[in-house]
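Coordinate inspection notes
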Amino acid sequence: MPNIVKTEGIVLKRMDFRETSRIVFLYTKKFGKIKVLAKGIRRPKSMFGSSLETLTRSAIVFYKREQKDLYTISESDILDSFEKLRRDLIGYGYASILLDFLDKANPGEGSNPMLYRLTLGTLKAMESCVRMRSVEGKVRNSDPELVSGRNPNPDFQMLLWGYLWRGISFLGFKPELVRCVVCKKEARDPSSVIATPPPAGKAISGLGWSSSLGGILCRDCWGKDEEARKISQETLDFLRLLKNGGAPLPKFHAKETLEVTKDLIKDYLFYHL
């Protein structure tokens, strides 16, 4: 017998099924990623309305069977439509990357309340950025001097990369940002004197980063990963801030720091996922 289950979830994607139905993928609070069959959703007067649109957060009721991975949904009600975020081209683009990560990084069911809360909080922050940009745009048009020197565009990048960096930690691939992943010594001073000679043909200075080993390397341990790359103290500090959900958003001394940080996070994601 199927169990009648109630939970809430964020719609990741949908696909048409037969003439009037759809298969909907959601990331839920209680069960992680699930897929449900919404019968008759494509009919003009469907009871589901827009509650199963991509990016929507809804309360759902479905029939859960132990031996199946496709469940039948019977009810859904909108909790957050994220309408402003959905209508903003830039914001929706970044939100779509977030949903794609959530879909691809979770191959099957598995409860992860921390990741769910992080996802919901990040989507709400992105929508707040859309509202802020709208308000600042109106002020700028009426009196440009009021926003002189300010960036009217919200920084969706910082929210997205912070989400990805914390999200992979919640999935069990937490990066080491304090101690060397090999010798476990605290890595504090990138200019410290090296104790052992570097590998032949490789000049070493400062701290290293290894995606395969899972974090930072001290100067003595660079040789443990031939593909290790140098990481500056500023980049390391920024990675630590992102991991801890630091606020307000940091301002960089070097414009290149964000690009280097993005490359490191992408390498880490690709390796572990």
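In what follows, the structure referred to is the one given above.
Below or above, wherever it landed, is the structure these notes cover. Every value quoted in this text rests on a predicted model; they were computed, and no experiment measured them.

Considerations on the packing of helix α5 (residues 233-243) against helix α6 (residues 256-272)
Two elements in contact, α5 and α6, have axes separated by 10 Å at closest approach and are oriented at 65°. As for how α5 packs across α6, the hand of that crossing is right-handed. Contact residues: Glu234, Thr235, Phe238, Leu239 and Leu242 in α5; Thr257, Leu258, Val260, Thr261, Leu264 and Ile265 in α6. Taken together, the residues that form the contact of α5 with α6 break down as 7 nonpolar, 3 polar and 1 charged.

A closer look at the state of the cysteines
If you walk through the whole model with that rule in mind, you get 0 disulfides. A disulfide-free cysteine, Cys180 has its sulfur positioned 3.7 Å from the sulfur of Cys183, the nearest such atom. Judged by relative accessible area, Cys180 falls into the buried class, the value being 1%. Residue Cys218 stays outside any disulfide, its sulfur separated by 3.6 Å from that of Cys221, the closest cysteine.

Let's talk about the sheet that holds strand β6 (residues 207-210)
The strand order β7-β6-β8 describes an open sheet built from 3 strands, whose pairing is antiparallel. Taken across any chain shown, the strands that pair with only one partner, and hence form the sheet edges, are β7 (215-217) and β8 (229-231). Put simply, the sheet's adjacent strands are angled 50° from each other on average, direction ignored. Relative to β8, β6 is paired through 3 bridges, and the arrangement is antiparallel. Paired with Gly208 across the bridge in β8 is Lys230. Where α6 meets the sheet, it contacts β6 and β8, and its direction lies at approximately 130° from that of β8.

Overview of the environment of Ala38
With respect to the helices and strands, Ala38 occurs in strand β3 (residues 32-38). Along the chain, Ala38 and Phe17 lie 21 residues apart, while their C-alpha atoms are 9.0 Å from each other. Dropping the residues within four chain positions of it, Ala38 is found in contact with Ser21, Arg22, Val24, Phe48, Leu52 and Ile73.

Considering the packing of aromatic side chains
The description of an aromatic ring pair rests on the distance of the ring centres and on the angle between the ring planes. Inspection of every chain in the model, using the stated rule, returns 8 aromatic pairs. Here Tyr27 and Tyr116 contribute two aromatic rings whose centre-to-centre distance is 6.5 Å and whose plane-to-plane angle is 20°, an arrangement assigned as stacked. Of this pair, Tyr27 sits in strand β2 (residues 21-28) while Tyr116 is found in helix α3 (residues 113-142), placing the two residues 89 residues apart along the sequence. You can call Tyr27 buried: its relative accessible area is 0%. Here the aromatic residues Phe31, Phe62 and Tyr71 are joined through ring pairs into a cluster of three or more. Above the face of the Phe25 ring, Lys13 is positioned so that its terminal group lies 4.8 Å from the ring centre.

Parameters at a glance
Residues numbered from 1 in each chain as written. Predicted model: local features only at pLDDT ≥ 70, side-chain atom pairs only at ≥ 80, totals over all residues. Heavy atoms only, no water. Axes fitted to C-alpha atoms, helices over the stretch in contact; angles between N-to-C directions. Helix = DSSP H or I, 4+ residues; strand = E, 2+ residues; numbered from the N terminus. Left-handed = near helix turned anticlockwise from the far one by under 90°. Contact = heavy atoms within 4.5 Å. Nonpolar A, V, L, I, M, F, W, Y, C, P; charged D, E, K, R; others polar. Disulfide = S-S within 2.5 Å. Buried < 20%, exposed > 50% of the residue type's maximum accessible area, 1.4 Å probe, protein only. Pairing = 2+ DSSP bridges. Phe/Tyr/Trp six-rings, centres within 6.5 Å; stacked < 30°, edge-to-face > 60°. Lys NZ or Arg CZ within 6 Å of the ring centre and 35° of its normal.

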